[in-house]
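Residue-level listing of the chains:
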Amino acid sequence: MLIPNQKVHLPLLEEKGITLCLKREDTIHPFISGNKYRKLKYNLLEAKRQEHTALLTFGGAFSNHIAATAFAGKEAGLKTIGIIRGEELKDSWTENPTLKLAKEHGMEFHFVSRSDYREKDTSTFYERLKSLFGDFYLLPEGGTNALAAKGCEEILTEADMEFDFVCSCVGTGGTVAGLINSAKPHQTVLGFPALKGDFLKQDILKFARNENWEFIPDYHFGGYAKVDERLIDFINIFKKETQIPLDPIYTGKMLFGILDMVKQGFFKPGASILAIHSGGLQGIKGMNLVLKKKNLPLLDI
């Protein structure tokens, strides 16, 4: 059940006169969480329209997209194939919570080396996949394409138009592009990338039609899936104080950034902020396995 926008009550926000609400897209579906539900909606309809019987997509060890596609495909009566980055996972995927969940929902895995994975967007790689699996509907890594952006345009409702700022994590750019397209002219969309590098700006521009947005590149914590004790502590304290869980790959970094920007005076007193909680909570179990190996504190589940 989708929880309505949830106001965040923290002393810092009251002190600065700032309103922060979370749009709980993480509660939209028990397995196809947050932006993944939005991205898959029109792609599934298109796959059916084209009379495909299989979905093929790409992802890493703890990919939210892989987990969501497996469940969505099963629900839609479509076979799912996951091209997984990292040959070393071939013999250990049963120890991986994300891949185990995807397998339980019927996904067939094909593990490739990291060097081969980098070639996934080439015609040669595509033809190889066609020879292996036959006909399929192709979903890009992270699920981002024009139909995904169209689905993400539906995240904002009329009730959300009162906010001055709309904040979103950025992975492959589809979610924030959809928000940019549907936000009103008086609203500014802030994109918080989970990866290092300005190349994401170009990915966003492939699908964004408006110019009412800013890129906030300072809170990636070293890059995709990189975390430290400061971020872990923040996520655990935030959950304790608000009862709202955050994931360490995307929403945790975004909320850390928003509250740091509040401290720094980026937002004027009286500003209202809507942050999109895009889900990803299934990845916490997998991240805790990594943290345990590194003797770092664990995330509360």
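Asker: Could you clarify how one ought to interpret the sheet that holds strand β2 (residues 19-24) in this entry?
Answerer: In a beta sheet, neighbouring strands pair by backbone hydrogen bonds and run either parallel or antiparallel. With respect to topology, 6 strands assemble into an open sheet ordered β1-β2-β10-β7-β8-β9, the strand pairing being mixed. In this open sheet, the two strands that pair with only one neighbour each are β1 (3-7) and β9 (213-215). Direction aside, the axes of adjacent strands within the sheet are offset by 25° on average. With 6 bridges joining them, strand β7 (residues 165-170) and strand β8 (residues 188-193) adopt parallel strand pairing.

Asker: Sorry, what's going on with the pairing of strand β5 (residues 108-112) here?
Answerer: Pairing between strand β4 (residues 79-85) and β5: 5 bridges, direction parallel. Within the sheet, the bridge partner assigned to R85 lies in β5 and is V112. This β-α-β element, β4 to helix α4 (residues 97-104) to β5, shows right-handed connectivity.

Asker: Would you explain the packing of aromatic side chains in this entry?
Answerer: By convention here, two paired aromatic rings are described through the distance between centres and the angle between planes. Scanning all chains against the criterion turns up 15 aromatic pairs. Both rings, one in F58 and one in Y117, keep their centres 6.4 Å apart while their planes meet at 80°; by these two values the pair is edge-to-face. In this pair, F58 is assigned in strand β3 (residues 54-59) and Y117 in helix α5 (residues 114-117), connecting sequence segments 59 residues apart. With relative accessibility at 3%, the residue F58 sits in the buried group. Between F234 and F238, the aromatic rings sit 5.8 Å apart at their centres with planes inclined by 35°, giving tilted as the arrangement. Here the residue F234 and the residue F238 both occupy positions in helix α10 (residues 229-242), the gap between them amounting to 4 residues, near one helical turn. Given the relative accessible area of 2%, F238 is considered buried. In textbook terms, an aromatic cluster arises when at least three aromatic residues are bridged by ring pairs, as seen for F192, Y219, F221, F234, F238 and F256. Directly above the ring of Y42 sits K150, whose terminal nitrogen or CZ lies 4.3 Å from the centroid.

Asker: Would you mind going over α4 with me for this structure?
Answerer: Every α-helix carries 3.6 residues per turn, so stepping three or four residues along brings you back to the same face. For α4, every residue scored as buried is listed here: T98, L99 and A102. Down the axis, α4 shows its buried residues gathered within 95° of arc, on one side only. Looking at the buried residues of α4, the elements they touch are α3 (64-76), β4 and β5. Between the side-chain oxygen of the N-cap and the backbone nitrogen of T98 there are 2.9 Å, and the N-cap of α4 in question is N96.

Asker: Looking at this model, I keep getting lost on the nonpolar core. Mind explaining?
Answerer: The nonpolar side chains of a soluble globular protein tend to be buried, and buried together. Within the largest apolar cluster, 41 residues are counted, with the highest numbers of intra-cluster contacts made by L20, F192, F238, L255, I258 and F267. Sorting the residues of this core by element identifies α1 (11-16), β2, β7, β8, α10, α11 (251-264), β10 (272-276) and α12 (283-293) as the ones contributing at least two each. Membership of the second largest hydrophobic core comes to 21 residues, among which are F163, A183, V189 and W213.

Asker: Help me understand the pattern of salt bridges, please; the structure alone is not making it clear to me.
Answerer: When their charged atoms lie close together, side chains carrying opposite charge are able to pair. Evaluated as defined, the whole model comprises 13 salt bridges. Measuring nitrogen to oxygen at the nearest pair gives 2.9 Å for the salt bridge that ties E154 to K41. Taken as a pair, E154 in the loop between α7 (146-152) and β7 and K41 in helix α2 (residues 35-49) lie far apart in primary sequence, 113 residues in all. Accessibility expressed as a relative area gives 29% for E154, which makes it partly exposed. Ionic pairing is found between K120 and E141, a salt bridge with its closest N-O pair at 3.3 Å. In this pair, K120 is assigned in the loop between α5 and α6 (123-133) and E141 in the loop between β6 (137-138) and α7, connecting sequence segments 21 residues apart. Via salt bridges that share partners, R85, K120 and E141 belong to a single interconnected network.

The rules behind each value
- Residues numbered from 1 in each chain as written.
- Predicted model: local features only at pLDDT ≥ 70, side-chain atom pairs only at ≥ 80, totals over all residues.
- Heavy atoms only, no water.
- Pairing = 2+ DSSP bridges.
- Helix = DSSP H or I, 4+ residues; strand = E, 2+ residues; numbered from the N terminus.
- Axes fitted to C-alpha atoms, helices over the stretch in contact; angles between N-to-C directions.
- Right-handed = clockwise from strand over helix to strand, strands pointing away.
- Phe/Tyr/Trp six-rings, centres within 6.5 Å; stacked < 30°, edge-to-face > 60°.
- Buried < 20%, exposed > 50% of the residue type's maximum accessible area, 1.4 Å probe, protein only.
- Lys NZ or Arg CZ within 6 Å of the ring centre and 35° of its normal.
- Arc of directions from axis to C-beta.
- Contact = heavy atoms within 4.5 Å.
- Polar contact = N/O pair within 3.5 Å; in protein donor to acceptor, adjacent residues only side chain to side chain.
- Core = buried A, V, L, I, M, F, W, Y, C linked by side-chain atoms within 4.5 Å.
- Salt bridge = Lys/Arg side-chain N within 4 Å of Asp/Glu carboxyl O.

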